[in-house]
Every structure is written in structure tokens, then in C-alpha cells.
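# Examination of the molecular architecture
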Amino acid sequence: MKKALLFAGFAALALCASAQNPFAYGIRTTGVSNGVATGKTITVNYTLNADAESGAIKFYNAGKTAVKAVDLAGDQLTKGTHAVEVSIEDLEANATYGFTITTTGAKIDAVKEVFSDFGAGMAHQYWSPYGVACDNDPMSKHFGRVLITESQANQGDTYFTKAHGVGAGLYEYDPQGNPVVNGANSTKYGYNPFQWVHATYEGGAKSSKFFAKKVRIAQDGRIFLGVLDCVSNPLYTINPDNLGEWTPVFQGTLATDASGCINNAEGTMVAAPSAAFDVVGKGENLKIANLGSKFGQSYSFGNYTCYEYALGAANTWSEAAEAEVFPFSLQYTISAQSVSIAYDKDGKGMWYAQYRATPSGEQPAIKHATLKANGWEEDYSDITTVVRGGGIAYNKDYTLLAIPAGNNVLKVYTVDKDNDGKPVLTEKYVLNTPSIRGYNDICFDYANNIYSCDNGKEVMQQLQLPLENPTVEVPCPESELFSIPVTTGVTDITSTEVKAKKVIENGQVVIIKGDKKYNLMGVEIK
């Protein structure tokens, strides 16, 4: 039985209800129709992931100039969903407005591990969690969601089947750490677990059966998932509105040998099974780097390739792999399980991390490479740090970089460059985490809370980072911008025999009457 004794003590740990650094999500307005306020007030609806000590709704105009602030107080600052009615009588008419919700949390001096008790004394338990990602785009209707992969659920053991979910695949949590159930509110194995799986894995030709590995959410909200035991495709796009809808990215034919590679019609490799990958950019500028592992999760040198794919706005890729990332190909990696890569913000630099109990030049811990005129060049090396679990990740704005540093330790750095353009790490936080031995994958949410998955202690955990300034400002989605109408001129137009209607054109309210258009002041638009 895999690691049974490790978990026996963990399940008995007291589950503390500590907070997180708070932020608002699920932001919506009522009292607005087709982008136009219908009365003298609007209601701002939002949810807080955790209690806040102070907060405000701040309104701004189309020029992003602040025009009004409403302080939040009392029960408007507690964890959960709120509706705050706000007067708009003092806002100028015939203008478009948006707003932000700012929250400030309690300042803490040390990291807090945030458990969730689902009624049976269990935290977020998994058999082999290797990927975690947060949607940090406030414009996304899924803003704040957390996704985690289960790679090797042990279906044959009754205890671990119940304790760790229902199968290999993709799971979802809300920003409070609550599991999100699917439309059928059911799971494949008949047990009623605390988590649910969006897609399951039935096995395949490989003996390892190592399925979903990393998951990443791009800046434009697209979801990508890498597969290490490649029985069909190394990488999938996933419909954000239907997490059970997976589309293969790489087009070609599965190799006839045991490599698991996807080849084109000429027999040239398009992509290898995904030990780790990362995405950077959005839309037409999105690109993916895939650290591929031929022959699944076998321990060996020489089976690894790292290629970039300028996917852009497309969902599929069929060309042969050509843009190779040296020196991350054909060297360094020994274990396809505990390894990660992370793009720099500009996409012209990349971090590599691998777990080795005794790292060395041949089996290093941390590397960084930068894209130069003649290709990728290594410009940072650390062969002493034990990157327990092999995770590495930036936060949403690339100001912080998290790297494991041995058993039960996570370090968070700021990243600068020296005069030669080489990265310089400056230690900012040292987090001691008793419930997390190693960090197989890491992500930050919008408020810089940290999510991690640990294959050693078989848990997905949340960490409240002790921020110097725990204040977070979240803009409303573009869909919640609103205009305030005026009655001068408009009443005369809409009360005539010819029926008028209001529409939004180029972000402004336009009144259409017959074949003519008017603005909110009643002036005809030619």
C-alpha cells in the first residue's frame, strides 16, 4: 500500500479554520439593464473568500478617474456572498462607469496552513496530485477557480479510493477551497467523496498509468492540461465552461513504438508525453513550452525534449517540433514525475526545477535559461537546493517566485536581473509548512495565497502568505460597466408614437427611433 503510514497520522491533525488573504470574486451588478442603470441605486454583488478587516467599492469613469468610494463595514466584510446597495444620484449622467472592490486582510507574521473540514476530518486528499492552477483573470466568469490534477488514483485500495477522490483527472475548487460538483452531482465509482472528477482515465498500454500531470490557465482564460502517460495526446485544451470537454492539441498519429510520442505523416515527432509544461501570453501571442518525456515516467537520461509551440489563438498544432529550448533537452532530467518549468513574464526566459535528494551537476535542482539571438542559453544554476517535489511558480504579476527548499520548506523570492541580464533571486519569505513535505506543483491566487499539491503527504493545501500589505483591489468584469441616463430629451423621444429602444454601441447608450439614432441628451447622431 503506497505511503499508508504517512497518512495515518495526518488524517488525525486538528483542522484549523485560519483565514486567507481576502479578495472579492463573483462580482455582478443588479439594478442595471443592458448596461444602463434603471433607478437611483445599483446593487453590487460579490463574494469574499475570507474575512476582511476593511474594504471599499470604488467607482471610476471611462477615463479611469476615481469619482466615488463607498466604504464596506460590518457584515459586508465577512467571508461569503454579499449585496450592497449604492446610490448613484451623485454620479454624472450620460457617462459610463465601472468599479473595483478593495479589501484589506489581517496582517499575519507567519504562514498559515488553511485546512477545510468537509465533515469527516479530512483535508483535500489525493493519491498523486501533481498539478494545480488558479484563474487570476478578473474578466473571466470563472475568476478565482482552482484546478488540481490527480495523476495516479489507487482504485484498488478501498481506503485510498475513499480518502483521495474517485479517479485520475481534473478537480475543481472555488476560491474558498470548497469542492465544486458536476452537473450530475455524482461520481463514477458510486462513492460520495468530497471531491469530484471532471474526466477519468481508463488505463492504457503503458504500465505506469500516469495520467493528468500539470494544469495551466493562460492569461486569456484558456485551460491546458498535460498528460505524461500518453495513450492519446500529450496536451489538451479544456473548455472553461465545461471541464469535461477535452480537445487534443497536437495533431498526428500516436507512435507505433512505446515512446508515446505524437508524430506527423512523415514520422517526425510533433510532441512527446508531457512531464511538465507552461504557457505565457494570450491570444495571438500565446505560446507553450512542453518538457516531453518519451517512454512515460521511466527514470533515465536522454528521453527528454523541451520544445516551444507558438500556438497563438489556435487550439491545435500539427507541425513538427522545431523550436527547441536548450539546455533543457536531452540533459538534466532524470525523473519525469517531480519536475516543473516556468516562463518569465516576457516569454524570453524560463526556469527549470527538479527534485533530487542529492542534486548535482548531472541531476541539478534549479536552472534558468534566456532566449538569446543564437538560441537559449543557461544563465543561472543551483545544484545544492533540494527542490522537494520539483515545483516552481510565479505569482500572477511575476513579482514573486516560489521554490521548494527541502522537506516542509517553501521559499518565495523576488527576481531581478544583473548588469549582464542574468536573474538574481532575493529571498523574501521562508515558509515552514508541517503539513506539506514537498511541493509537486504551486500556484498563487489573486491575493497571493498559495495553493500546493504534495504527493508525499497526499494533499492539496492552501497557504496564507504573510504579506507586508494584504490589500487587494479587484476590478469588476467589463460586462458590469454601466451608464446613467438623463431624462432631458430622452423622454420626448421615447414617448412619441414611434417606439424607441436603447442599445449599446461602442460602449455608449444609443437610442434608436425609426431610422434615426440619438444620444442620451436627445441629440441626433448623424
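Scoring rules and cut-offs
Chains are numbered independently. Their residues run from 1 in the order of the written sequence. Totals for whole chains, interfaces and linings use every residue, but because this is a predicted model, local features are given only for residues with pLDDT of at least 70 and side-chain atom pairs only at 80 or more, for both listing and counting. Remark: hydrogens and water are excluded; side-chain values derive from all non-hydrogen atoms of the structure. Note on conventions: DSSP H or I runs of at least 4 residues are helices, E runs of at least 2 residues are strands, and numbering of each starts at the N terminus. In protein, a polar contact requires one atom able to donate a hydrogen and another able to accept it; more generally it is a pair of N or O atoms within 3.5 Å, and residues adjacent in sequence count only if both atoms are side-chain atoms. By definition here, a salt bridge exists when the distance from a side-chain nitrogen of Lys or Arg to a carboxyl oxygen of Asp or Glu is within 4 Å. Using only the protein atoms, space was sampled on a 1 Å grid; points where a 1.4 Å probe fits but cannot get out form cavities, open sets with protein on both sides within 12 Å along at least five of seven lines form pockets, and lining residues are those with an atom within 4 Å of a point. Grid points are joined across faces, edges and corners, and a volume is the space filled by probe spheres set on the points. Residue type decides the class: Asp, Glu, Lys and Arg count as charged, Ala, Val, Leu, Ile, Met, Phe, Trp, Tyr, Cys and Pro as nonpolar, and the leftover types, Gly among them, as polar. Here, nonpolar core refers to any group of buried Ala, Val, Leu, Ile, Met, Phe, Trp, Tyr and Cys residues whose side-chain atoms link them within 4.5 Å. Using a 1.4 Å probe on the protein chains alone, a residue whose accessible area is under 20% of its type maximum counts as buried, one over 50% counts as exposed, and one in between counts as partly exposed. Contact definition: two residues touch when any of their heavy atoms are within 4.5 Å. When DSSP finds two or more bridges between a pair of strands, those strands are recorded as paired.

This part covers the side chain of serine 435. The residue serine 435 is located in the loop between strand 32 (423-432) and strand 33 (441-444) in this model. Within the structure, the side chain of serine 435 is placed 3.0 Å from the side chain of glutamate 113, a separation counted as a polar contact.

Under the definition given, this model contains 12 salt bridges. The closest approach of N and O atoms between lysine 40 and glutamate 89, which form a salt bridge, is 3.9 Å. Separated by 49 residues along the polypeptide, lysine 40 in the loop between strand 3 (36-37) and strand 4 (41-48) and glutamate 89 in the loop between strand 7 (80-87) and strand 8 (95-104) bring together distant segments of the chain. The residue aspartate 278 makes a salt bridge to arginine 216 at a minimum N-O spacing of 3.6 Å. Here aspartate 278, found in strand 21 (residues 274-280), pairs with arginine 216, found in strand 14 (residues 212-217); they are 62 residues apart in sequence, far enough to count as distant.

Turning our eyes to something else, we now look at the layout of surface pockets. Taken as a whole, the largest pocket encloses approximately 770 Å³ of empty space. Around the largest pocket, the lining is made up of 32 residues, and of these Asn136, Ile217, Gln219, Lys396 and Tyr398 lie nearest the centre. Residue assignment for the lining of the largest pocket shows that the elements contributing at least two residues are strand 11 (129-134), strand 14, strand 21, strand 25 (339-343), strand 29 (393-394) and strand 33. By residue class, the composition of the lining of the largest pocket is 20 nonpolar, four polar and eight charged.

Nonpolar side chains in soluble globular proteins tend to end up buried together. Tyr46, Ile57, Ile101 and Phe482 are the most contacted members of the largest nonpolar core, which totals 31 residues. With residues near it in sequence (within four places) discarded, isoleucine 57 still touches Val44, Lys68, Ala69, Val70, Leu72, Val84, Val86, Phe99, Thr100 and Ile101.

Our focus in this paragraph is the sheet that holds strand 32. An order of 29-30-31-32 is seen for the four strands of this open sheet, with the pairing classed as antiparallel. Edge positions in the sheet fall to strand 29 and strand 32, since each has one partner strand and no second. One ladder, built from two bridges, connects strand 29 with strand 30 (residues 401-404); its direction is antiparallel. What sits directly across from tyrosine 394, in strand 30, is leucine 401.

Quick look at the sheet that holds strand 20 (residues 269-271) now. The three strands lie next to each other as 18-19-20, forming an open sheet whose pairing is antiparallel. A single partner strand is all that each edge strand has here, and the edge strands are strand 18 (253-254) and strand 20. Where strand 19 (residues 262-263) and strand 20 come together, two bridges link them in antiparallel fashion. Bridge assignment links isoleucine 262 to a residue of strand 20, and that residue is alanine 271.

Once that is clear, we can look at unusual backbone geometry. Excluding glycine, most residues fall at negative phi; most peptide bonds, likewise, are trans. Of the consecutive residues phenylalanine 326 and proline 327, the connecting peptide bond is found in the cis state with omega at 5°. Unusually for a residue other than glycine, lysine 64 sits at a positive phi of about 65°. Given the relative accessible area of 61%, lysine 64 is considered exposed. In the Ramachandran plot, tyrosine 398 falls in the positive-phi region, its phi being about 65° despite a non-glycine side chain. Looking at the secondary structure, you find tyrosine 398 in the loop between strand 29 and strand 30.

Among the 10 residues of strand 8, nine are classified as buried, and the element is accordingly described as predominantly covered. With eight bridges joining them, strand 5 (residues 54-61) and strand 8 adopt antiparallel strand pairing. Within strand 8, the residue paired with serine 54 across the bridge is threonine 104. Taken together, the three bridges between strand 8 and strand 37 (residues 482-484) define a ladder with antiparallel strand orientation. Note on strand 37: the bridge partner recorded for alanine 95 is isoleucine 484. Taken together, the five bridges between strand 8 and strand 36 (residues 471-475) define a ladder with antiparallel strand orientation. Directly across from threonine 100, in strand 36, lies its bridge partner proline 475.

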